Amino acid sequence: MGRYYRLSKTLSEAEVSEILREVREIEEVDEAEYSEGYSKILVLTEKEKYPEVMTRIINIVSRVGKGCELSFAGFAI
């Protein structure tokens, strides 16, 4: 199952790369990638693992992106 999350601000290429690297290191994440010119991130994991996985991803994005926030943008079908 996949879900898209919108980033609250534009990030540098270095920030984008570091976020993706750290997110992909999370064992429960099956896949993660950016879309729409780095304005959204797609996260694939098992349905029941989203709360735990997204808590970690939100922290990564906020730390690396210096206060960047995520908001749910839709399901990937």
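Residues numbered from 1 in each chain as written. Predicted model: local features only at pLDDT ≥ 70, side-chain atom pairs only at ≥ 80, totals over all residues. Heavy atoms only, no water.

**Student:** Can you tell me about the overall build of the protein chain, naming the residues and giving the values?
**Tutor:** For the protein chain, the count of helices and strands is 2 helices and 4 strands. From first element to last, N terminus to C terminus, the protein chain shows the α and β order β-α-β-β-α-β. Against the compact-globule benchmark of 11 Å for 77 residues, the protein chain has a radius of gyration of 11 Å, which places it among compact chains. Summarising its shape, the C-alpha atoms of the protein chain cover approximately 30 × 20 × 15 Å along the three principal directions. Across the 77 residues in the protein chain, those meeting the buried criterion constitute 43%. Contacts in the protein chain between residues at least 24 apart in sequence constitute 67% of all its contacts with a sequence separation of at least 6. Accessible surface, the protein chain as shown: approximately 4,700 Å² in total, 49% of it carbon and sulfur. Both charge centroids of the protein chain, one from 11 positive and one from 15 negative side chains, sit 4 Å from each other. (Helix = DSSP H or I, 4+ residues; strand = E, 2+ residues; numbered from the N terminus. Rg over C-alpha atoms; globule rule 2.2 N^0.38 Å. Buried < 20%, exposed > 50% of the residue type's maximum accessible area, 1.4 Å probe, protein only. Contact = heavy atoms within 4.5 Å. Areas by Shrake-Rupley, 256 points an atom, 1.4 Å probe, with all protein chains shown as cover. Lys, Arg positive; Asp, Glu negative; His and termini not counted. Charge placed at Lys NZ, Arg CZ, Asp CG, Glu CD.)

**Student:** Tell me about the packing of aromatic side chains, and please be specific about residues and values.
**Tutor:** The geometry of an aromatic ring pair is captured by two quantities: the separation of the ring centres and the angle between the planes. Under the criterion given, the structure shown has 3 aromatic pairs. A centroid spacing of 5.9 Å and a plane angle of 75° characterise the contact between Tyr5 and Phe72, whose relative ring orientation is edge-to-face. Here Tyr5 is found in strand β1 (residues 2–7), whereas its partner Phe72 is found in strand β4 (residues 70–76), with 67 residues between them in sequence. For Tyr5, a relative accessible area of 9% corresponds to the buried category. Each ring, one from Tyr34 and one from Tyr38, has its centre 5.4 Å from the other, and the planes form 85°; the classification is edge-to-face. Accessibility expressed as a relative area gives 13% for Tyr34, which makes it buried. The exposure class assigned to Tyr38 is partly exposed, which follows from its relative accessible area of 45%. Seen from the ring of Tyr50, Arg3 lies directly overhead, with NZ or CZ sitting 4.2 Å from the centre. (Phe/Tyr/Trp six-rings, centres within 6.5 Å; stacked < 30°, edge-to-face > 60°. Lys NZ or Arg CZ within 6 Å of the ring centre and 35° of its normal.)

**Student:** Could you give an account of the pairing of β1, with specific residues and numbers?
**Tutor:** As paired elements, β1 and strand β3 (residues 40–44) share 5 bridges and run antiparallel to each other. The residue of β3 that forms the bridge with Tyr5 is Ile41. As defined by bridge partners, β1 adjoins β4 across 6 bridges and the pair is classed as antiparallel. Bridging across to β4, Gly2 finds its partner in Ala76. (Pairing = 2+ DSSP bridges.)

**Student:** Quick rundown of the packing of helix α1 (residues 13–24) against helix α2 (residues 50–64)? Include the residues and the values.
**Tutor:** Taken N-terminus to C-terminus, the directions of α1 and α2 make an angle of 155°; their axes are 10 Å apart at the nearest point. What the angle tells us is that α1 and α2 run roughly antiparallel. Relative to α2, α1 is oriented so that their crossing is right-handed. Residue-level inspection shows Glu15, Glu18, Ile19, Glu22 and Val23 of α1 in contact with α2, the latter providing Ile57, Ile60, Val61, Arg63 and Val64. Broken down by class, the residue content of the contact of α1 with α2 amounts to 6 nonpolar, no polar and 4 charged. (Axes fitted to C-alpha atoms, helices over the stretch in contact; angles between N-to-C directions. Parallel < 35°, antiparallel > 145°, perpendicular 65-115°, else oblique. Left-handed = near helix turned anticlockwise from the far one by under 90°. Nonpolar A, V, L, I, M, F, W, Y, C, P; charged D, E, K, R; others polar.)

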